[in-house]
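Residues per chain are reported as follows:
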Amino acid sequence: MTSSIVLKTVMAASGLFFIGYLLLHMYGNLMILSGREAFDEYAHHIRTFGEPMLPEKGLLWVLRVGLIVAVVAHVWTGMALWRRAQQARTTRYVKKRSGYGNFYAKAMRWGGLAILAFVIFHLMHFTWQTVTIGEAHASPAARVIDSFGHWWGVAIYALAMIFLGMHLLHGIWGAAMTLGLNTSLRRAEQIRLTSIVVTTIIVVGFLIPPFAILFGLVD
Ligand code: HEM
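Here the structure is a predicted model, which is why all the values come from computation and not from measurement. (Residues numbered from 1 in each chain as written. Predicted model: local features only at pLDDT ≥ 70, side-chain atom pairs only at ≥ 80, totals over all residues. Heavy atoms only, no water.)

## Some points on the packing of aromatic side chains
Next up, step 1: Per the counting criterion, the structure on display carries nine aromatic pairs.
Next up, step 2: Judged by centre distance (5.3 Å) and plane angle (85 degrees), the rings of tryptophan 82 and tryptophan 110 are edge-to-face. Taken together, the positions of tryptophan 82 in helix α3 (residues 58-90) and tryptophan 110 in helix α4 (residues 100-127) put the pair 28 residues apart, joining distant regions of the chain.
Next up, step 3: For tryptophan 82, a relative accessible area of 15% corresponds to the buried category.
Next up, step 4: Take tryptophan 110: its relative accessible area is 54%, and that puts it in the exposed class.
Next up, step 5: With a centroid separation of 6.2 Å and 55 degrees between ring planes, the pair formed by phenylalanine 121 and tyrosine 157 is classed as tilted. (Phe/Tyr/Trp six-rings, centres within 6.5 Å; stacked < 30°, edge-to-face > 60°. Helix = DSSP H or I, 4+ residues; strand = E, 2+ residues; numbered from the N terminus. Buried < 20%, exposed > 50% of the residue type's maximum accessible area, 1.4 Å probe, protein only.)

## Let's talk about the site of the ligand
Next up, step 1: His25, Asn29, Arg47, Arg64 and His122 are the nearest of the 20 residues found near the ligand.
Next up, step 2: Within the side chain of arginine 47, an N or O atom sits 2.6 Å from an oxygen atom of the ligand.
Next up, step 3: Mapped onto the shell around the ligand, the elements with two or more residues apiece are α1 (4-29), α4, α5 (140-147), α6 (151-178) and α7 (185-214).
Next up, step 4: By residue class, the composition of the shell around the ligand is 14 nonpolar, four polar and two charged. (Near = heavy atom within 4 Å. Polar contact = N/O pair within 3.5 Å; in protein donor to acceptor, adjacent residues only side chain to side chain. Nonpolar A, V, L, I, M, F, W, Y, C, P; charged D, E, K, R; others polar.)

## A look at the coordination of the iron atom of the ligand
Next up, step 1: Binding of the iron atom of the ligand to the protein goes through His25 (NE2) and His122 (NE2), at separations of 1.9 to 2.0 Å.
Next up, step 2: Its six donor atoms give the iron atom of the ligand angles of 86 to 179 degrees at the centre, a pattern that matches the octahedral case. Taken together, the positions of histidine 25 in helix α1 and histidine 122 in helix α4 put the pair 97 residues apart, joining distant regions of the chain.
Next up, step 3: On the accessibility criterion, histidine 25 (22% relative accessible area) is partly exposed.
Next up, step 4: On the basis of relative accessible area, histidine 122 is assigned to the buried category, the value being 18%. (Donors = N, O, S within 2.8 Å, 3.2 Å for Na, K, Ca; no water. Tetrahedral: all angles 85-135°; square planar, octahedral: opposite > 155°, others 65-115°.)

## Concerning the packing of α6 against α7
Next up, step 1: As a packed pair, α6 and α7 sit with axes 9 Å apart at the nearest point and diverge in direction by 165 degrees. The orientation of α6 with respect to α7, classified from their angle, is roughly antiparallel. Handedness of the α6/α7 crossing: right-handed.
Next up, step 2: Here the residues of the contact of α6 with α7 sort into 22 nonpolar, three polar and one charged. (Axes fitted to C-alpha atoms, helices over the stretch in contact; angles between N-to-C directions. Parallel < 35°, antiparallel > 145°, perpendicular 65-115°, else oblique. Left-handed = near helix turned anticlockwise from the far one by under 90°.)

## Structural notes on a nonpolar patch on the surface
Next up, step 1: There is a patch of nonpolar side chains on the surface, built from Trp61, Val65, Ile68, Val69, Val72 and Trp76 and spanning about 630 Å² of accessible area.
Next up, step 2: Position of valine 69 relative to the elements: it lies in helix α3. (Patch = residues over 30% accessible without salt bridge, like charges linked within 9 Å, V, L, I, M, F, W, Y side chains within 5 Å. Areas by Shrake-Rupley, 256 points an atom, 1.4 Å probe, with all protein chains shown as cover. Salt bridge = Lys/Arg side-chain N within 4 Å of Asp/Glu carboxyl O.)

Here is the structure:
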């Protein structure tokens, strides 16, 4: 049986990879504030980056493969640890954990599943375009601007960002614990602060474009 610490390390490493991706994705989304053209140019640029050395969408595919591996690793280790915790609790003489720790464990598991559901919806919305909010458009910027011109489009994404924020806040903290970074009280305080700052940057950064569009600040 794989040891829990190995599972947790895989979970922490894949989680850190997601954070890197989220920071890049969030930064890319902010391009919409510079207007439709800037955003479409950026969307085109990530597809043609490295050409002709790389094929079209080459870099995008490297990133996609990394993301798929990380999702499988993160979900698989999460499920394995969840099952293990449940089995541990069925042993009669082990007291059921309750209160703080248990609340966070539940929030991470159900919140994680909610984020997974959001990612599938998100891919259907912007990447595969099988779901539309507003009308279908050929330009990526037009799709984003039309979607977030609808309050309910913004509401779906804002709700997902709340789940993401909660997951990140505790996930960054948990990853640091797994990686053994909490060597002193001062360190623990620094980790707590880092998780708050990183989470705030990602959540606020992601929410700026939808709200800016909803309030008519982007045209
Ligand atoms: C308000 C928040 C977000 C907005 C406005 C947004 C916007 C977009 C857009 C417009 C695309 C398509 C880009 C293109 O034309 O190729 C996209 C792709 C994607 N987004 Fe987001 N996104 C948001 C949050 C997130 C979050 C939180 C995650 C992950 C948890 C995520 C994961 C992805 C993935 C995996 C893709 C597919 C990239 C690919 O083509 O392989 N997004 N997003």
